Amino acid sequence: MNDIDHQRAALKLAGFDTAVVEALVAAALRSQTMHELQIALAQLEPEANQLDWPFDRDFAALLIQVKASALLPGALRRAALAFALARARWCASAATSGSEGLARMCHVQELERLLDRQAG
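Keep in mind it's a predicted model, so treat the numbers as computed, not measured.

Procedures and definitions
Residues numbered from 1 in each chain as written. Predicted model: local features only at pLDDT ≥ 70, side-chain atom pairs only at ≥ 80, totals over all residues. Heavy atoms only, no water. Salt bridge = Lys/Arg side-chain N within 4 Å of Asp/Glu carboxyl O. Helix = DSSP H or I, 4+ residues; strand = E, 2+ residues; numbered from the N terminus. Buried < 20%, exposed > 50% of the residue type's maximum accessible area, 1.4 Å probe, protein only. Core = buried A, V, L, I, M, F, W, Y, C linked by side-chain atoms within 4.5 Å. Contact = heavy atoms within 4.5 Å. Phe/Tyr/Trp six-rings, centres within 6.5 Å; stacked < 30°, edge-to-face > 60°.

### Some points on the pattern of salt bridges
Alright, step 1. In the structure shown here, the tally under the stated rule is 9 salt bridges.
Alright, step 2. Of the charged contacts in the structure, one is a salt bridge between Asp58 and Arg87, with a shortest N-O distance of 2.8 Å. Remark: Arg87 occurs in helix H5 (residues 74-93) and Asp58 occurs in the loop between helix H3 (34-48) and helix H4 (59-71); sequence separation between them is 29 residues.
Alright, step 3. The exposure class of Asp58 is buried, given its relative accessible area of 2%.
Alright, step 4. Residues joined in a network through salt bridges with shared partners are Asp3, Arg57 and Glu110.

### A few points about the nonpolar core
Alright, step 1. The biggest cluster of nonpolar side chains holds 33 residues, and the ones touching the most others in it are Val21, Val25, Leu41, Leu44, Phe59, Ile64 and Leu81.
Alright, step 2. Of all the elements in the fold, those that place two or more residues in this core are helix H1 (3-13), helix H2 (19-28), H3, H4, H5 and helix H6 (98-119).
Alright, step 3. Looking at this core, the element that brings in the most residues is H5, giving 8 residues.
Alright, step 4. Setting aside chain neighbours within four positions, we find Leu41 in contact with Ala28, Ile64, Ala79, Ala80 and Phe83.

### Comments concerning the packing of aromatic side chains
Alright, step 1. Taken as a whole, this structure holds 1 aromatic pair when the rule is applied.
Alright, step 2. Note on Trp53 and Trp90: the rings are 5.4 Å apart at their centroids and 90 degrees apart in plane angle, and the pair reads as edge-to-face. Of this pair, Trp53 sits in the loop between H3 and H4 while Trp90 sits in helix H5; the two residues are 37 residues apart in sequence, bridging distant segments of the chain.
Alright, step 3. Given a relative accessible area of 16%, Trp53 falls into the buried group.

Here is the structure:
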């Protein structure tokens, strides 16, 4: 079972359905232009906001992190990853304890490193 499967299972156990978010992420990652990507990510945002953060990760951000590199070229990939990073930062900023914030910052740091590698 991979990270996405773990997150999906935890969300399902908590009563959440990930199907809409997964479909919207898939649509975003099929974008051919920056404009298409921006529209798709804007549609994704409110749906992704409906999900909880099991294992201190945002599900939409994790999906983008795992799948964007294989599906999107250059600037589109970086824009999608920047969106994922913003979601991870938002998740971390909503922490209600220090240890929770530190755990959530791990995902932020993963995405920052990934974006740094994409820039090079």
